[in-house]
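Notes for the structure review
Read off the chains here:
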Amino acid sequence: MPQDQYGLEGPDRPHGLGLHGRGPDGPAVLGGTTRASGTVRARGTVRLDGAAPADGAVRLDGLTVLHLAQPVDGGVARVVADLARAQTALGARVVVGCPPDGPLAEAARAAGAATVPWHARRSPGPGLPAEVAGAARAARESAADLVHLHSAKAGLAGRLALRGRVPTVFQPHAWSYEAATGPLRAASVRWERYAARWAHRVLCVSEAERASGLAHGIAARWHVVRNGVDTARFTPAVRQEGVRAELARWVGLREPGGPDRPGEADRPGEADRPGDAAAAGGVREPGGASERGGAPEPGGVPEPGSAPEPGGAPEPGTSDRPEAPGAGAPGADAPGAGAPGAEALGAGAFDAEVLAVEAAGTVASGVEAIGAGGPGAEALGAGVPLVVCVGRLCRQKGQDLLLEAWPQVTARLPEARLVLVGDGPDAQALWAAAPRGVLFAGAAADPVRWYQAADVVVQPSRWEGMALAPLEAMACGRPVVLTDVGGARECLPEVDAAHCVVPPGDAAALATALLRLLTDPVLRSAASLRALARVRERHDLRDTTAAVTALYAHLLDLPAREATPR
């Protein structure tokens, strides 16, 4: 079969890429080329300053976008699903390539995207050649006009597979070298410097992420679009007491020292795995069957927050949000009546008023309602100081530092409680190290109510690009305490960054910042209002997706030779 101008085989590949649009002085053609399936069009004013188009969203009719992603959970997966939903609504055919056994594939299909199984591991490993081949096959079978690579593993395999022959956007979601140490860190920096030539744009989620790349000598074509969250879904509660009462009825909490201990998160069994055709390969349309086959491929590279294989290091840029639906202690079944944590968030009737305000919220699947009378009953009633940390339980997210700081908080506020929402590879170690006053909620299908129930939300990460969890908490009107990593100062008002952003790894500073907010209700209320205003002004998901769409429109007017194949 003949190859097209990008060196990929396929009868329906475009013979040139371009978009029709409107310039500031009226209709303008940004290329104007066609493909077998129809004209690729972008309608609306294209802006590259991160703002939404002035006269409506850019349309992507006839365009095929391939999003290649690993990890398949947490913040990266949420970003991919949000982009897929927005771009599908704008007329694009969106294909998401990802491992088929995680929550992203289902979320992508629910967003209207097609899926293609891409068998890739989070960690470094010997499967890289197969992952590269799988990335090339995904681009070829999807007939992608543009490929968007998410996080370190997709950035590695995708850029090796395509080498600039298809317009390529690489989004690190935090740099791979931030997770590594020693020789592996140096090798990661060298790779990012070299591979930048194979990305038409390196898309950063914060100015700090771009500054880090520049400081490490990465000569890329940079673009910054700040992370955004759905401000219609993440909203303040009408009554915090009602949220706590609801959580007490429906969510299982566990306290270290009780009879139940966390284990590894459940893994999908054979009955939960996709059928042979889907597992083997091929694009899967929403609600449809797989189209083509191929051999499954193992493999891996470091990604933010992942546990390394022997000889490997964890990778940055992973989940900011909790894992797949589930509840109870990390990896454990939710307790029934009388279990530890019963009525931990107060008692009371189901709050219909809160439900009406936050109709999009869901209770984690498989959770049993908790009855009264357990050892943890009434531990977190109304008025109890509550700190919540939402995120994957892993080294990147720094929950171990938070546990180190917590005794300094309870020394001043003995009644304070800390709830860790999430699951991950460090669950057992965190459980063993947890001091008094710490509760484990396990993974949550939707963390909205946890944010709403909290007095303060904390994110003690060791590295980030720009974490989603703090933005979600701010959209719920909650003040946040962050470590001074990528994006932290950018997402907060300057007045709050002065006392709510602390040095990474400094447990004493973390405790001081938490106590300042917990013991000063006036300061806490003012910080809450500023946080809400900030996220609505600067981090609305609609602005983020519009800015990424505008970037696509700009890139598709550039010749493929801008990236240098070698």
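Scroll up to find the structure.
Residues numbered from 1 in each chain as written. Predicted model: local features only at pLDDT ≥ 70, side-chain atom pairs only at ≥ 80, totals over all residues. Heavy atoms only, no water.

**Side note on the overall build of the protein**
Of the regular secondary structure elements, the protein holds 18 helices and 18 strands. Going through the 566 residues of the protein one by one, you find that 60% of them count as buried. Partitioning the intrachain contacts of the protein with sequence separation of at least 6 by distance along the chain shows that 73% fall at a separation of at least 24. Here the protein has roughly 20,200 Å² of accessible surface; of this, 52% comes from carbon and sulfur atoms. (Helix = DSSP H or I, 4+ residues; strand = E, 2+ residues; numbered from the N terminus. Buried < 20%, exposed > 50% of the residue type's maximum accessible area, 1.4 Å probe, protein only. Contact = heavy atoms within 4.5 Å. Areas by Shrake-Rupley, 256 points an atom, 1.4 Å probe, with all protein chains shown as cover.)

**Describing the pattern of salt bridges**
Per the counting criterion, the structure on display carries 15 salt bridges. A salt bridge links Asp61 to Arg59, with the shortest nitrogen-to-oxygen separation between them at 2.8 Å. Look at Asp61 and you get buried, because its relative accessible area is 19%. Connected via shared salt-bridge partners are Arg78, Asp82 and Arg85. (Salt bridge = Lys/Arg side-chain N within 4 Å of Asp/Glu carboxyl O.)

**Some thoughts on the sheet that holds strand 12 (residues 222-224)**
With parallel pairing, seven strands are arranged side by side in an open sheet as 8-7-6-9-10-11-12. Across the chains shown, the open sheet's two edge strands, defined by having one partner strand only, are strand 8 (114-117) and strand 12. Neighbour to neighbour, the strand axes of the sheet diverge by 25° on average, direction disregarded. Strand direction decides the pairing type here: strand 7 (residues 93-98) and strand 8, joined by four bridges, are parallel. The residue of strand 8 that forms the bridge with Val95 is Ala114. (Pairing = 2+ DSSP bridges. Axes fitted to C-alpha atoms, helices over the stretch in contact; angles between N-to-C directions.)

**Brief notes about the packing of helix 10 (residues 399-412) against helix 16 (residues 507-518)**
Direction vectors running N to C along helix 10 and helix 16 enclose 45°, while the axes themselves pass 8 Å from each other. The pairing of helix 10 with helix 16 is recorded here as oblique in orientation. Relative to helix 16, helix 10 is oriented so that their crossing is right-handed. Between helix 10, through Leu401, Leu402, Glu404, Ala405, Trp406, Gln408, Val409 and Arg412, and helix 16, the contact on the second element is made entirely by Ala507, Ala508, Leu510, Ala511, Leu514, Leu515 and Leu518. (Parallel < 35°, antiparallel > 145°, perpendicular 65-115°, else oblique. Left-handed = near helix turned anticlockwise from the far one by under 90°.)

**Observations concerning the side chain of His150**
With respect to the helices, strands and loops of the structure, His150 is situated in strand 9 (residues 146-150). Looking at His150, its side chain comes within polar contact range of the side chain of His67, at 2.9 Å. (Polar contact = N/O pair within 3.5 Å; in protein donor to acceptor, adjacent residues only side chain to side chain.)

**Quick notes on the nonpolar core**
Core analysis: the biggest nonpolar cluster contains 102 residues, and Val96, Val419, Trp450, Leu492 and Leu514 have the highest contact counts within it. In terms of residue count, the dominant contributor to this core is helix 16 (nine residues). (Core = buried A, V, L, I, M, F, W, Y, C linked by side-chain atoms within 4.5 Å.)

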